[in-house]
Structure formats: C-alpha cells, structure tokens
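Residue-level structural notes
Below, each chain spelled out in residue letters.
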Amino acid sequence: MGRPDTGRCARHMIIQGSTKFISAPFSSEQELESVVQANAELIFGPDSIYLPKALIHTADGIGTIPDGFVIDLATRRWFIVEAELAAHSVWSHIAPQVAKQIIAATQPATRRTLTEVVVNLVRENATLKEKFADFDIDEIDIRRVLGEIFESSPIVGMPIDEVGADLREWAQTLRSDVRLWRVRKLVEFGNPTHLIYEIPDEYRPVLDSSPDATESASGLKYYDVGLGDLVERGLLKLGETLNMACRPRGGERKQYEATVVEGGGLQVMGKSFSAPSYAALLCIQNAGSDRNTVNGWTTWRNADGHTLADLRDKFLEDSRSAK
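What counts as what
- Residues numbered from 1 in each chain as written.
- Predicted model: local features only at pLDDT ≥ 70, side-chain atom pairs only at ≥ 80, totals over all residues.
- Heavy atoms only, no water.
- Pairing = 2+ DSSP bridges.
- Helix = DSSP H or I, 4+ residues; strand = E, 2+ residues; numbered from the N terminus.
- Contact = heavy atoms within 4.5 Å.
- Axes fitted to C-alpha atoms, helices over the stretch in contact; angles between N-to-C directions.
- Parallel < 35°, antiparallel > 145°, perpendicular 65-115°, else oblique.
- Left-handed = near helix turned anticlockwise from the far one by under 90°.
- Buried < 20%, exposed > 50% of the residue type's maximum accessible area, 1.4 Å probe, protein only.
- Lys, Arg positive; Asp, Glu negative; His and termini not counted.
- Salt bridge = Lys/Arg side-chain N within 4 Å of Asp/Glu carboxyl O.

Looking now at the sheet that holds strand E4 (residues 68-72). Taken together, the 6 strands give an open sheet; going across it, the order is E3-E4-E5-E6-E7-E10, and neighbouring strands pair in mixed fashion. Pairing within the sheet leaves two strands with one partner each, and these edge strands are strand E3 (48-52) and strand E10 (207-208). As judged from the 5 bridges shared by E3 and E4, these two strands associate in the antiparallel manner. Among the inter-strand pairings, Ile49 is bridged to a residue of E4, identified as Ile71. Here helix H4 (residues 108-124) sits on the sheet in contact with E3, E4 and strand E5 (77-81), set at roughly 110 degrees to E3.

This is how it looks when you write it as structure tokens:
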C-alpha cells in the first residue's frame, strides 16, 4: 500500500540498457515552469484545466500573478500554482511571494478574470468543452459552476525539485491548504543535452496539508490507495473483469474490458498496467481519442456498475470506521 512520503529523497540514477541518467539541477525556474505547463494534466489530474500566467492579468500587477491557476472539475477545487526551486529560501522568498498571490487570487476581480478566460477557451477548444461535458456541465452552465468552485479557498499547488524540512513546516502551518509535487530532472551521463524529467505517478503529491474528508484513520488519502489494496480488502478479485466505454469526438462508441491481475494491475488488450489510468488511456487512444490523460478510477466499472473510485471510497470509509 502507498504511504505518504516523509523525507527528502537522495539523488538517484535511472538506467536504460547501457545509458545512465543522473540527477541534475534545473537550469532555471523557467525550465521547471515549462515542464509543469507541458505536463499539467499528469501532475494535477486528467480532469484539470491549467491556465498559465500569460493568460491572466490582475489589478495588483505582475508581482502577484502565480505561474498559473488550475481548476479541477473532478473535485471542484482550484489551485494557485507556483513552481519553485528548493534553492530558494522558504521564509524570505517562497512564503512572502505565495502570501501576496493568495491575497490577489481571492479578490473578486481575479475570479471574474479567471472565469472569462475559461469561458473563452471553451469556445475555441473542443477538447476543453469535452472535459465539461464529461461532468454533464453544459456550456450555458460553465459560469455558474466556475463561480461555485471559486467560492472555495484556493489550494496552493507547488511543483518543486526537492522538499526540505523548512518547506514542510511552512506548508503545515499555512492557513491555506498546500500540495507539493516533486519534479526532478535527470541528464544522460556524459551527454547532458539528453535529458528526461520525472514527475509524480498518478497525480500523487509528496505532501498534502488539506484535511481531506476521504482520508482514512491510518492517514491515507485517496491517492495512496492502489488496486492491490482493493484486492486485499476483497473489494476486487483477481481475474475479475472491469468495463469501460469510450466515444471520442466524431467517433463510434466502443466497449473495453480489463482483467484484474496479480500485483494490483490491469491487463487490457494483452498488455499489463500498474495503474488504471494507464490502462484506460490505451483504450481511449485505441478508440481514436487524441487525449493524453484519462482518469481510470472513474472510467473502469465492475459488473455492478461501481467505478474503481467508488470502491476506493468504500475502502477509505471502512478504514475510518475501524478507528
């Protein structure tokens, strides 16, 4: 079972054949920002909408604009996104900067600006419109839904290259909820122009200070629960068949099956996957979708029609009851 990360990880190496990739520092904060923007759905979740700072203008000026904002349609929450480097001081740089951004983001004018940006993007972007449609949100209702989301306090979402003790202390004491995602850079040994980036698996933050209603008595949150946990609890069985349907824009509706296999994975079309979202992604792309992410926890269903997310909620509910 997954467990919250409790310490700063040592530098590490990835080996592919005879090629070795070693940890390396980001050349600048802008490099990290670019990685986050290009992979936002892989960090914040497939049902998220990332708004980069280039689209946003606040009345207080550029100094109060974070790197971006994220709206998560699945949880109906929103984020102030600030990519940071661990080399920056927490107390003299990160803390005061985020404090100003929180104040500016919660102003009515900023929320109205974000709403109009999203509405305009939906008009121009069919994929974005599809995201709202997935949650049965008609275009005429988008402003209302966004208004409800922005009524809540924003979460501070911070992708960062390392998480130290000072950052953890600040995150735990800030009044706003904070989620930290570790993003790493690795370069090929002897060939530093060949690089790769490591981002969290299944959107899992390294730290989440929010008092989550879906947290169990043991301190687990929903993203700490894997398929293997559901099998161990008897909520899934090895060999059980799961189903999902997919209909890409302009395409035909197709049905797919997955089998629960040893090790807490799914087998689909002869391929094995460690996480349901990867298995679901193979299916939607096979059906003709051009999407690069999908939430497998909400798309795969058992024979009774329950999603994996439903079973996960049951797992956490039973864990709380056992307290």
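Axis separation between helix H3 (residues 90-105) and helix H7 (residues 165-173) bottoms out at 11 Å; the angle between their running directions is 30 degrees. With respect to H7, the element H3 is oriented roughly parallel. Once H3 is placed against H7, the crossing between them reads as right-handed. On H7, the residues touching Val90, Trp91, Ile94, Ala95 and Val98 of H3 are Asp166, Leu167, Glu169 and Trp170.

As a further point, take the sheet that holds strand E8 (residues 184-188). Pairing is antiparallel across the open sheet formed by 4 strands, whose spatial order is E1-E2-E8-E9. Every interior strand has two partners, whereas the edge strands, strand E1 (13-16) and strand E9 (191-198), have only one. Each strand axis lies, on average, 30 degrees off the axis of its neighbour in the sheet, ignoring direction. With 4 bridges joining them, strand E2 (residues 19-24) and E8 adopt antiparallel strand pairing. Its bridge partner lying in E8, Ala24 is registered against Lys185.

Its location among the elements puts Arg312 in helix H11 (residues 308-321). One buried charge, Arg312, has no salt-bridge partner; the nearest side chain with opposite charge is Asp313, at 4.8 Å. Ignoring anything within four residues of it in the chain, the contact list for Arg312 reads Tyr222, Val225, Leu230 and Trp297.

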